[in-house]
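Architecture and fold: a report
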Amino acid sequence: MTTSQTAMAQLNTGERALALIGGEATDANLRRYLHGIPGIDAVGLEQRAADLGTRSIKTSSKKWAIDRIISLIDLTTLEGADTPGKVKSLVGKALTPDAGDLSCPRVAAVCVYGDMVPHAVAALGPAHSAGTDAGVNVAAVATAFPSGRASLAIKLADVNDAVAAGADEIDMVIDRGAFLSGRFGQVYDEIVAVKQNCRRADGSFAHLKVILETGELGTYDNVRRASWLAILAGGEFIKTSTGKVPLAATLPVTLSMLEVVRDWHRLTGAKVGVKPAGGIRTSKDATKYLVTVAETVGEEWLTPGLFRFGASSLLNDVLMQRQKMTSGHYSGPDYVTMD
Amino acid sequence: MSFLDYAPAPESQAVLNLRSDYGLFIDGEFVAGRGEPFQSINPATEKQIAMIAHADAADVDAAVAAARRAYDRTWSKLSGSDRGKYLFRIARLVQERARELAVAETLDNGKPIKESRDVDVPLVAAWFFYYAGWADKLDHAGVGPTPSARGVAAQVIPWNFPLLMLAWKIAPALAAGNTVVLKPAETTSLTALLFAEILQQADLPAGVVNIVTGGRDTGRALVGHPGVNLVAFTGSTGAGRAIARSVAGTDKKVILELGGKAANIVFDDAPIDQAIEGIVNGIFFNQGHVCCAGSRLLVQESIHDDVIDRLKERLSTLRLGDPMDKNTDIGAINSAEQLARIREITDIGEQEGAERWSPDCVLPETGFWFKPTIFTNVSSSHRIARDEVFGPVLSVLTFRTPAEAIAKANNTPYGLSAGIWTEKGSRMLAVADKLRAGVIWANTFNRFDPASPFGGYKESGYGREGGRHGLAAYLKPAAGRAAARTVTAAPAASVAPAASGTASPASAEKTPVSRKKAAK
């Protein structure tokens, strides 16, 4: 995309949002819009998610699902103890998930704190996608992740640093405090500002994922409203969680976000991605998410551009399943590498 | 390859050890029937599963005699807690053999394995557990202290939930101390016969439960048998009417669970995604072979188009096919006869001017299948809006105000169930209060629980099954109770003539009234 096309797309998003909410993005206008969205019956939502979870994915479907799960993973390390060495090791795993089977696909991205971006970029070397479809992306969490409790200036500086260091994707957090106290306009404006700061020197943009931290929002209705808010403001991905609060991604939460994405697509024709993150640890669980995506928004969403898993331990479980599919017997944790 | 073309995931049938032919279960043993045996087929393949014995009048006689003997000699003499022990044992055996029962049910009925596995069989166990707990607490069943059983119960069940309907009938009957002669539907005898094996395994005393398979003649002989004290029937309104006629003038207690044409009412403030699921579950669960199915969708006109769009999109993701595949959502129609009936009434729907729509899906070549179908532009006068289809066919009507929704929902000779979808609690309660239906679901549909009574208004039958109400039907008040009342009234009369002058005629009047109520 040229700079002007990108700018145009930006403008369209903003205009579209203003047209939809019927005025400027004020608290009152946004409240009117977000509270006009049909509610969610929690029991019914959970029942539907449980029902989707009973799909039985076997043989050839399982084989496909396993490889697809790997290629949708944002392999993540978000620790205070992260070091360049740890990040380098993570990148090694991302590039060669299974040293014993080089046909194993690569993951979609590595996800690190902003200050680790240069190390990730260096470790990836030529395998860094850097805006192309081939290779592995570098995603950086930003905006005073995970709490989001900092001034806007600091949040934006955080974003700028990561983008300048070569991050392809920015995982921002919304201000849950502002959201819960009804300051929807502030949440909206922050997302818009972060998105503008995703702009690189050459005029292209890093992709923006908006973390809702659903575990802090309390209700499915809030999750739905926050999803709409993030999409209206121009988020390219909506992401469930930071992984830093006890309640992370669940299937019902992800389903409710997928329903918003589906409705947004019906409304505008635009496709927004979804990223459940935190708490998805097994191949079996991840397969339930694939089923839920395919049966809610459609199979075309099962690409790295529109769906990701934010996970760390998931990869090794999937690899063990993959080895089992190939060899016919279970190996064990010693036959997959620690990263 | 498309991911959504899930690879086949068939449930293993290895757990099932079927015999090639089954006899009648009378007095604790399988015995040959005197009628001509008939075949039970798999409706998904039309292949024979087993030969089933056909009970004639003499067999029914033998079964009723066995039930009477068991009642007189054994079952009525056991304590409630001992009866409860048998019921708990049956419940545990159902759980232990759950996989086997689910596979058999799907094989014989055509319903998807995920439903027989996740709904039918777990509910069967739940029903036995629930009523097992009641067996020694009959004083609290609502018919006064020390109630007694009615005696021999004749029970005739339908083919849509073969084993579950058996549980609904047998569990409360046994808990209350009755013995049973049960006749399964002609096309779905299999799980009842496996259940008979479970009864043998549980060491239930011989004759307490007898199972007579056969046709309509068998059912007629059972219901009309002079030796039964109670008739419980679940099935069509036509058959229920015939039963009511045949037992009129006898002292048999009758419980009828008949047809329905439930309204599923969707208000414009409904939780829309869950409402869509509820509509789908309401009418396409068990291929719509559900007496309480939400077959009339009443949707507020302002959201009609949006709801229909979403519904069509959702229906396109339903998977129709091999019922034994764990991913199948819509299985086979139970019989050629039922399929013909569904075809006839849907053809009439089209002729009357309603708009028919079904998703693209390929129907298997053998077996009985019907695509999930919705009719829009339906008016209240259309037959598809009035007659029970008992198939995967939804009629969509619209309304403008809550009052109109209530009027349209109640405008049916039936009154078994209804659904309300709204986010507003006060509206939910206000509308539920005015709907004439036995079961009303709010923001859900087709949910069952043994503790909750189930039954209908008007032509949907009378009597309640499930819960305390379902238990009470199988009990009668203690024999001496009416007499005891007059006895206590008499001394009062002698002590205080003035008071008794008003009290005693009242109590004399009251007794026959309450008796009539109990016999209704």
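A quick note: this is a predicted structure, and the numbers were derived from the prediction, not measured.

Right, let's talk about the sheet that holds strand β7 (residues 273-275) of chain A for a bit. All names here are of chain A. Spatially, β7-β6-β5-β4-β3-β2-β1-β8 is the arrangement adopted by the 8 strands of the open sheet, whose pairing is parallel. The strands lining the two open edges of the sheet, one partner per strand, are β7 and β8 (309-311). Averaged over all pairs of adjacent strands, the angle between their axes in this sheet comes to 25 degrees, without regard to strand direction. Bridge count for strand β4 (residues 169-173) against strand β5 (residues 207-211) is 5 bridges, and the pairing is parallel. Its bridge partner being in β5, Glu-169 is matched across the sheet by His-207. Against the sheet, helix α7 (residues 152-164) engages β3 (137-142) and β4, with an angle of about 165 degrees to β3.

Now for the nonpolar core. Counting 107 residues, the largest nonpolar core has Ile-73, Val-110, Ala-120, Ile-170 and Leu-229 of chain A as its most contacted members. If sequence neighbours within four positions are ignored, Ile-73 of chain A has contacts with Val-107, Ala-108, Phe-309, Ala-311, Leu-314 and Leu-315 of chain A. Of all hydrophobic cores here, the second largest spans 96 residues; its members include Val-103, Leu-204, Ala-232 and Ala-239 of chain B.

A few words on the domain arrangement of chain B. All names here are of chain B. The domain architecture assigned to chain B consists of domain 1 (21-257) and domain 2 (263-455). Summarising the inter-unit geometry, the C-alpha centres of domain 1 and domain 2 are found 30 Å apart. Taken together, the contacts link 20 residues of domain 1 with 24 residues of domain 2. Contributions of two or more residues to the side of domain 1 that touches domain 2 are made by α3 (98-109) and α4 (113-134). Of all the elements, α4 adds the most residues to the side of domain 1 that touches domain 2, at 7 residues.

All names here are of chain B. Secondary-structure assignment places Leu-471 in helix α15 (residues 467-472). When the 28 C-beta atoms within 10 Å are taken as the criterion, Leu-471 is described as buried. Measuring from C-alpha to C-alpha, the distance between Leu-471 and Leu-174 comes to 9.7 Å, with 297 residues separating the pair along the chain. Each residue touching Leu-471, except ones within four places of it in the same chain, is listed here: Tyr-131, Trp-134, Ala-141, Pro-172, Ala-175 and Ala-176.

All names here are of chain B. Where burial is concerned, most of strand β17 (residues 417-421) is hidden: 5 out of the 5 residues are buried. Neither face of β17 is left uncovered, since the one carrying Ser-417, Gly-419 and Trp-421 and the one carrying Ala-418 and Ile-420 both have all their residues buried. Two elements, strand β12 (residues 263-266) and β17, share 4 bridges in a ladder whose sense is parallel. When the sheet's bridge partners are listed, Asn-264 is paired in β17 with Gly-419. The pairing of β17 with strand β18 (residues 439-442) spans 4 bridges and is parallel. Bridging across to β18, Ile-420 finds its partner in Ala-442.

The next thing to look at is the UniProt feature "active site" (unreviewed entry) in chain B. Residues and elements named next belong to chain B. Mapped onto the present numbering, the UniProt feature "active site" (unreviewed entry) falls at Glu-257. Residue placement: Glu-257 occurs in strand β11 (residues 253-257). For Glu-257, the contacting residues outside a window of four places in its chain are Thr-234, Cys-291, Gly-455, Gly-456, Gly-461 and Glu-465.

Before going further, it helps to examine the packing of α3 of chain B against α4 of chain B. Residues and elements named next belong to chain B. It is at 9 Å that the axes of α3 and α4 come closest, and there the two elements cross at 125 degrees. The angle between α3 and α4 places the two elements in the oblique class. Crossing of α3 against α4: the hand is right-handed. Facing Ala-98, Leu-101, Ala-102, Glu-105 and Thr-106 of α3, the residues of α4 in contact are Ile-113, Ser-116, Arg-117, Asp-120 and Val-121.

Criteria and cut-off values
- Residues numbered from 1 in each chain as written.
- Chains lettered and ligands numbered in written order.
- Predicted model: local features only at pLDDT ≥ 70, side-chain atom pairs only at ≥ 80, totals over all residues.
- Pairing = 2+ DSSP bridges.
- Helix = DSSP H or I, 4+ residues; strand = E, 2+ residues; numbered from the N terminus.
- Axes fitted to C-alpha atoms, helices over the stretch in contact; angles between N-to-C directions.
- Contact = placed C-beta atoms within 7 Å.
- Core = buried A, V, L, I, M, F, W, Y, C linked by C-beta atoms within 7 Å.
- Buried ≥ 20, exposed ≤ 12 C-beta atoms within 10 Å, placed from the backbone.
- Domains from an automatic or database assignment.
- UniProt positions renumbered as here; feature names shortened; annotations may be inferred.
- Parallel < 35°, antiparallel > 145°, perpendicular 65-115°, else oblique.
- Left-handed = near helix turned anticlockwise from the far one by under 90°.

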